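What the coordinates show
Okay, here's what each chain looks like letter by letter:
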Amino acid sequence: MTRLELTRVTVELGGAPITAGCDLMVRDGERVGLVGPNGSGKTTLLRTVFRAVDPVGGEVALDGDLVGTLSQRQIARRVALVHQEPVTDFDHTVEDIVALGRAPWQGAFDRTGPAVRAAVTEALTLVGLPGHRERPIGTLSGGEKQRVLVARAIAQESPLLLLDEPTNHLDIHAALDLLELIRALRRTTLCVLHDLNLAASYCDRLYVLDAGRVVATGAPADILTPELVRDVFRVECVRLTHPTTGKLLLAFTASP
Ligand SMILES: Nc1ncnc2c1ncn2[C@@H]1O[C@H](COP(=O)(O)OP(=O)(O)OP(=O)(O)O)[C@@H](O)[C@H]1O
């Protein structure tokens with residue numbers, strides 16, 4: 001069982017308010033999306049979960065435990081992060097990166113131990129990169145790098161997965177592939193996504209952030225109305241139904 005609960009979370013950075021009184025819950029097994037315009041506070045909210053940012057107000061709880069009472073190691077056993085920056089550390093091999101996922105579970109970090117090697121093999125096989133183990137990370141494509149970060153999260157065995165724009169640098173095939181891979185992992189996930197159609201097809205529920213506040217939450221088809229999209233994202237759209245998946249499909253036009 002895993003459960004993430006943010007209650008009235010308020011964050012200030014550099015003396016400026018970034019989020020204000022945000023409530024957000026991710027229940028066991030759910031795939032929850034966090035959407036909103038650039039600068040609305042999505043990444044900041046995500047960062048409160050692993051204490052990269054401490055709120056000035058409100059609470060963040062993992063399975064009922066306030067994250068402020070947990071060590072980084074305890075948090076890392078419960079939460080894995082797949083972030084948006086491409087891996088730029090050219091010197092490390094794929095194996096080095098994935099093995100880092102085992103660090104929260106080890107006494108003295110030993111990335112060459114047989115248990116770690118087995119975990120790396122299993123994770124790389126799951127993400128479809130079993131032959132990439134010895135490759136320097138800098139030689140991989142953007143899609144492959146993202147898969148390596150997912151493999152690291154798999155090796156971490158944390159029940160909650162946080163994803164910050166995981167499809168950002170990916171072409172549409174790689175983006176759909178990655179989301180399908182994450183869906184197949186069946187972890188509880190909170191995922192920041194910019195593409196509302198990807199969010200609508202991938203997520204059970206969405207939270208919409210605007211200027212640091214949660215302005216809507218619910219099933220994508222219930223909340224992504226033309227009015228909300230206009231108010232929050234400043235574009236016009238019409239709602240369609242995907243002919244094969246039956247999912248909500250938004251067709252956008254720039255506002256006049
Ligand atoms: N360390 C910091 N000091 C001051 N302001 C910050 C800091 N980090 C972030 N901010 C500001 O907080 C606001 C929210 O940023 P955040 O990255 O959370 O937004 P976001 O919704 O994830 O944006 P994007 O979609 O562009 O990634 C932005 O205005 C940003 O400039």
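Further up the page is the structure itself.
In this text the structure is predicted, and so the values were computed from the model without any measurement.

1. Thoughts on the sheet that holds strand S1 (residues 4–13)
With antiparallel pairing, the 4 strands of this open sheet are ordered in space as S2-S1-S4-S5. The two strands at the open ends of the sheet, each matched to only one other strand, are strand S2 (16–26) and strand S5 (65–66). By the bridge criterion, 5 bridges tie S1 to strand S4 (residues 57–62) in an arrangement that is antiparallel. Counted as the bridge partner of Glu5 is Ala61 from S4. Strands S1, S2 and S4 of the sheet are contacted by helix H1 (residues 42–49), whose axis makes an angle of about 120° with S1.

2. Overview of the site of the ligand
Leu13, Gly14, Ala16, Ile18, Gly36, Asn38, Gly39, Ser40, Gly41, Lys42, Thr43 and Thr44 make up every residue found near the ligand. Listing elements by their share of the shell around the ligand, those giving two or more residues are S2 and H1. Looking at the shell around the ligand element by element, the count peaks at 3 residues for H1. Per-class residue counts for the shell around the ligand are 3 nonpolar, 8 polar and 1 charged.

3. Concerning the sheet that holds strand S9 (residues 205–210)
Strand order in the open sheet formed by 6 strands is S6-S7-S8-S3-S9-S10, with mixed pairing between adjacent strands. One side of each edge strand has no neighbouring strand; the edge strands of this open sheet are strand S6 (79–82) and strand S10 (213–218). Across the sheet, the axes of successive neighbouring strands diverge by a mean angle of 15°, strand direction being ignored. Across 4 bridges, strand S3 (residues 31–35) lies against S9 in parallel orientation. Across the sheet, the residue bridging to Gly33 is Leu206, located in S9. Packed on one face of the sheet, helix H5 (residues 142–156) meets S6 and strand S7 (160–164) and runs near 175° to S6.

4. Points about the nonpolar core
Counting 69 residues, the largest nonpolar core has Val98, Ala123, Ala151 and Leu162 as its most contacted members. With 7 residues, H5 is the single largest residue contributor to this core. In this view, Leu162 contacts Leu46, Val49, Val79, Leu81 and Leu190; residues no more than four positions away in its chain are not counted.

Conventions adopted
Residues numbered from 1 in each chain as written. Predicted model: local features only at pLDDT ≥ 70, side-chain atom pairs only at ≥ 80, totals over all residues. Pairing = 2+ DSSP bridges. Helix = DSSP H or I, 4+ residues; strand = E, 2+ residues; numbered from the N terminus. Contact = placed C-beta atoms within 7 Å. Axes fitted to C-alpha atoms, helices over the stretch in contact; angles between N-to-C directions. Near = placed C-beta within 6 Å. Nonpolar A, V, L, I, M, F, W, Y, C, P; charged D, E, K, R; others polar. Core = buried A, V, L, I, M, F, W, Y, C linked by C-beta atoms within 7 Å. Buried ≥ 20, exposed ≤ 12 C-beta atoms within 10 Å, placed from the backbone.

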